[in-house]
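Residues per chain, in single letters:
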Amino acid sequence: MLIRTHTCGQLRDSDVGKSVRLNGWVNSYRDHGNLIFIDLRDRYGLTQLVFDKEDDKGGAMMEAADKLRNEDVVAVEGAVRVRIGGENPKLETGKVEVVVSKLEVLSKTANPPFIPDETQKLPNEELRLTHRYLDLRRPSMQKTLGLRHRVYQVTRRYFDENGFLEIETPVLYKSTPEGAREFLVPSRHVPGTFYALPQSPQLFKQILMVSGCDRYMQICRCFRDEDPRADRQAEFTQIDLEMSFVRRDQVMETMEGFVRRLWKEVCGVEVPPLKRMAYREAMEEYGIDRPDTRYDLRIRDISEFAGTLGFAIFDGALAKGKDRPRFNSKRGVVKAIRVPGGAEKLTRKLTDGYTEFVKTFGAGGVAVVKVVKGEDGAPKLDTGIAKFLEPKRADFIALMGCEIGDTVLFVADVYSVATKAIGELRQKVARDMGVVPKPGAEGGPWNFLWVVDFPMFERNKETGKWVAMHHPFTSPRDDQMQAFLDADVEDEVTIEGIVSAGYDIVLNGQEIAGGSVRIHDQAVQGKVFQLLGMTPEQAKEKFSFLLEALGYGAPPHAGIAFGLDRLVMNFVGTDNIRDVIAFPKTQTGADLMTRAPSTVPNSQLKDVHVQAIAPASPS
RNA sequence: GGGGCGGUAGCUCAAUUGGUUAGAGUACCGGACUGUCGAUCCGGUGGUUGCGGGUUCGAGUCCCGUCCGCCUCGCCA
């Protein structure tokens, strides 16, 4: 075989006159009969090859070149020369071409279902996933793989420089049925028992701290058997981290340093120090725990004012949970967003759609009012619920800070529903108004934010039981510790008010990392398990190893995990997670290329003491 | 588990109100062509309209079921 001396992205006019060998795929061919041009492609670029009948004495090479088609794999030898037909400015190698003197066809292709060509419209994703090896040949996919590689390398270097040890943890793990649904793996040795694939290596990394490893890092695969979305799939990658003998702010500083290094080295962006926002502020002003601060459109709680209007829909909402404390999930509230310029841009069709939109989050609808110019030139309220607001027009305009041309949108419901609905609505309105800047390439902002001071616990909507907001190993914030230990389990108000030492990094409205100071004290951990409704026996059965480890000298420790796929998505500028994973899965968890999952022979099931109850049709 | 969108030639798409032989571009095959770079020109092959059933004189089109893909609600400690 003619082993390459250069790659297809390498030759420049300074190489003219050299004899070279290239290997690669036929990216395109232009056959002029006695003159054939081939663009040869590899990971590094394209180089034009020329076959000239006059140079081919026997004619055999010309005959073979004539038969070359897209995606054939070839090796060639020839001389570099300046292009006779003029430069192609689209190619890095566009000034030169290789006049081929020897051609070796390494592999002929069958007619491919599609060619990895970016100038044409991409085929549908199903086909791209089925023939992923073809799709991955596309330059933009190669670029993404390269970017992801950069993220791995910068990550390892940064944490190595900061004294972190990279340690692998098991993939076959113990089932701890809390949180996400787990993937199960049956045991062959002990009939009827199962491993679970880890939702995260959370407990192992804590044990590593107890083991004296001090600082741990792993780029690890995590598994959560829940329905996917555009930005998540069941199998994903985390940058998992844990540190000993630190408090919250030290972890946050270290991780901020990582974010700064990563953005600097991957895309040359200087990230300023991250702002911090309390969970409560995020929920009140943005209606979500991962606020997108690239645009304003703050949410206002106008319950008090709304209660004076005599508007039945508002009154009905406000009557709910009247005696409950502020921010209680079942207390009725009225929330509003002022949309500057909305009177013109938010058409009736759009605002009607908002009602349908918020219904998906359980709210009844969206009330609308526009601030228009009255005959006297002063602001006047128009459309929607204007007639209910008109008597208190001045108060309303002052309260919301309205100007002519605004639209104000209202959602009234119990706190949890109204907050979620208007928070989602805020993001939709921002898109409709065209006020969401694109990050990255277009020079738009990267808005990073720490969100802190999450509640320790929240009520499960169905069961009414307490569940950990982050996870059950999250510590109360330092100043809350005593109150937590002293709290009566039945004291709902106190329990609800306990703030954790958790922290999330939010980027442009997306959670890219989440972590917390961990509990390193048996008694505190025991109390959390108790609150979560576990008897001491149940806690022991599930987490005895952790509780025991905490009893043998556990250092204070804290950690965080970054969603690596999401980091790469941001660098690539895609909102499709499958674009940044080499071999992704579909919404039903299928790998269209390998056709996983698949049935297995009964003998294999027998080995692991499992019987399929579903009538799996043999494929 | 729920809601929405989609599936027509290898690929990207078209096909009037249900109407007679389902078209185009591209790829592929054959031919021509010595400076192209989305080469060009001429000719040709290529269809279980995802699958199954129904309504109808007649279904790519309407109805029911089903499979697959995407988006989404729930879910994702």
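What you see is a predicted model, and the numbers here were worked out from it, not measured in a lab.

With that settled, consider the protein's contact with RNA strand B. Around RNA strand B there are 55 residues in total, and E54, R81, E97, G179 and H470 lie nearest to it. In RNA strand B, atoms within 4 Å of the protein come from the sugar-phosphate backbone in 53% of cases. Measuring from a sugar or linking oxygen of RNA strand B, one finds a backbone N or O atom of P113 at 3.2 Å. At 3.0 Å, a backbone N or O of A468 approaches a sugar or linking oxygen of RNA strand B. Those elements that place two or more of their residues in the surface near RNA strand B are β1 (19-31), β2 (35-42), β3 (45-52) and α2 (125-130).

The side chains of a regular strand alternate between the sheet's two faces. Two strands pair when backbone bridges link them, and β3 and strand β5 (residues 96-107) are joined in this way by two bridges, in the parallel orientation. Residue pairing for β5: L49 is matched across the bridge by V98. In the sheet, strand β4 (residues 73-82) pairs with β5 via 10 bridges, with the strands oriented antiparallel. Counterpart to E77 in the pairing with β5 is K102.

Spanning 19 residues, helix α14 (residues 415-433) covers 26 Å between terminal C-alpha atoms, matching the ideal 27 Å at 1.5 Å per step. Along α14, 14 of the 19 residues are buried, which leaves the element largely enclosed by surrounding structure. Phi for G434, located one or two positions after α14, is positive at around 70°.

Next up on the list: the sheet that holds β2. In spatial order, the strands read β1-β2-β3-β5-β4; together these five strands close into a barrel with mixed pairing. Neighbour-to-neighbour, the strand axes of this sheet turn through a mean angle of 55°, independent of strand direction.

Before going further, it helps to spend a moment on the packing of helix α6 (residues 248-267) against helix α19 (residues 564-572). Two elements in contact, α6 and α19, have axes separated by 11 Å at closest approach and are oriented at 40°. One way to sum up the angle between α6 and α19 is to call them oblique. Pair α6 / α19 crosses with right-handed handedness. Each of L262, W263, V266 and C267 in α6 lies in contact with α19, whose residues at this interface are L567, N570 and F571. Counted by class, the contact of α6 with α19 contains six nonpolar, one polar and no charged residues.

This next bit is on the nonpolar core. In this structure, M255, W263, F448, I505 and F562 are the most contacted members of the largest nonpolar core, which totals 44 residues. Ranked by residue count, the leading element in this core is α6, at eight residues. When near neighbours in sequence (up to four residues on either side) are disregarded, F448 contacts V259, W263, V271, L274, K275, I505, V506, L507 and I512. Ranked by size, the runner-up nonpolar core spans 35 residues in total, among them M277, Y295, F357 and A418.

A few words now on the packing of aromatic side chains. Summed over all chains, the structure comprises 25 aromatic pairs. Considering the side-chain rings of F159 and F258, the 4.8 Å spacing of their centres and the 45° angle between planes classify their relative orientation as tilted. On the criterion of sequence distance, the pair formed by F159 in helix α4 (residues 139-161) and F258 in helix α6 is long-range, its members being 99 residues apart. For the pair shown, F159 and F258 are each scored as buried. Relative to F571, the ring of W446 has its centre 6.5 Å away and its plane inclined at 55°; by these criteria the two rings are tilted.

Procedures and definitions
Residues numbered from 1 in each chain as written. Chains lettered and ligands numbered in written order. Predicted model: local features only at pLDDT ≥ 70, side-chain atom pairs only at ≥ 80, totals over all residues. Heavy atoms only, no water. Near = heavy atom within 4 Å. Polar contact = N/O pair within 3.5 Å; in protein donor to acceptor, adjacent residues only side chain to side chain. Helix = DSSP H or I, 4+ residues; strand = E, 2+ residues; numbered from the N terminus. Pairing = 2+ DSSP bridges. Expected span 1.5 Å × (residues − 1). Buried < 20%, exposed > 50% of the residue type's maximum accessible area, 1.4 Å probe, protein only. Axes fitted to C-alpha atoms, helices over the stretch in contact; angles between N-to-C directions. Parallel < 35°, antiparallel > 145°, perpendicular 65-115°, else oblique. Left-handed = near helix turned anticlockwise from the far one by under 90°. Contact = heavy atoms within 4.5 Å. Nonpolar A, V, L, I, M, F, W, Y, C, P; charged D, E, K, R; others polar. Core = buried A, V, L, I, M, F, W, Y, C linked by side-chain atoms within 4.5 Å. Phe/Tyr/Trp six-rings, centres within 6.5 Å; stacked < 30°, edge-to-face > 60°.

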